[in-house]
Amino acid sequence: MKLPAEQQVVLEEQLRAQNTELVWLTLWDDCDQDGDVVMVESDAFRQRVPIVHAPRRIAIPRPKSGVVKLTGVHDGGGGITIAVATVTGKVAMPVMVPGQVLGIPVR
């Protein structure tokens, strides 16, 4: 999670105390890097993620439902083009539009 180091330590301690597991998602733009943005949601956790060519790995709390939501926030042109991978491999993703919500199963 993109937090200052001291906040990261506190959050990790809180998650351990609550017995919350983290899952990892890797996100990147598989077409033109044009300013696309998505919101990653897992229960009460939300993080806005700009999508660039370089794969970006993020940790999020494991959702109770087993499904992480991705919501299209901003289309830089030509649709929100995003590639996603979990620990089980790459997830096929359609081109998204702002406001569109997709579920990504995680283990």
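Look up a bit, the structure's there.
For the structure given in this document, a descriptive report is provided here. Here the structure is a predicted model, which means the values were calculated and not measured. (Residues numbered from 1 in each chain as written. Predicted model: local features only at pLDDT ≥ 70, side-chain atom pairs only at ≥ 80, totals over all residues. Heavy atoms only, no water.)

Brief notes about the overall build of the protein
A count of helical and extended segments in the protein gives one helix and eight strands. Along the protein, helices (α) and strands (β) appear in the sequence α-β-β-β-β-β-β-β-β when read from the amino end. Counting only carbon and sulfur atoms, one obtains 54% of the accessible surface of the protein, whose full area is about 6200 Å². (Helix = DSSP H or I, 4+ residues; strand = E, 2+ residues; numbered from the N terminus. Areas by Shrake-Rupley, 256 points an atom, 1.4 Å probe, with all protein chains shown as cover.)

Here's the deal with the pattern of salt bridges
Any two side chains of opposite charge can pair, given that their charged atoms come close. With the rule as written, the count across this model stands at one salt bridge. A salt bridge links Arg 62 to Glu 21; the shortest N-O distance between them is 3.3 Å. Taken together, the positions of Arg 62 in the loop between strand S4 (56-61) and strand S5 (67-74) and Glu 21 in the loop between helix H1 (5-17) and strand S1 (22-28) put the pair 41 residues apart, joining distant regions of the chain. (Salt bridge = Lys/Arg side-chain N within 4 Å of Asp/Glu carboxyl O.)

Regarding the nonpolar core
Grouped together as the largest cluster of nonpolar side chains are 21 residues, with contacts concentrated most on Leu 25, Val 40, Ile 82, Val 84, Met 93 and Ile 104. Contributions of two or more residues to this core are made by S1, strand S2 (37-42), strand S3 (45-50), S4, S5 and strand S8 (101-105). It is S1 that contributes the most residues to this core, three residues altogether. For Ile 104, the contacting residues outside a window of four places in its chain are Leu 25, Gly 66, Val 67, Val 68, Leu 70, Val 84, Thr 86, Val 91 and Met 93. (Core = buried A, V, L, I, M, F, W, Y, C linked by side-chain atoms within 4.5 Å. Buried < 20%, exposed > 50% of the residue type's maximum accessible area, 1.4 Å probe, protein only. Contact = heavy atoms within 4.5 Å.)

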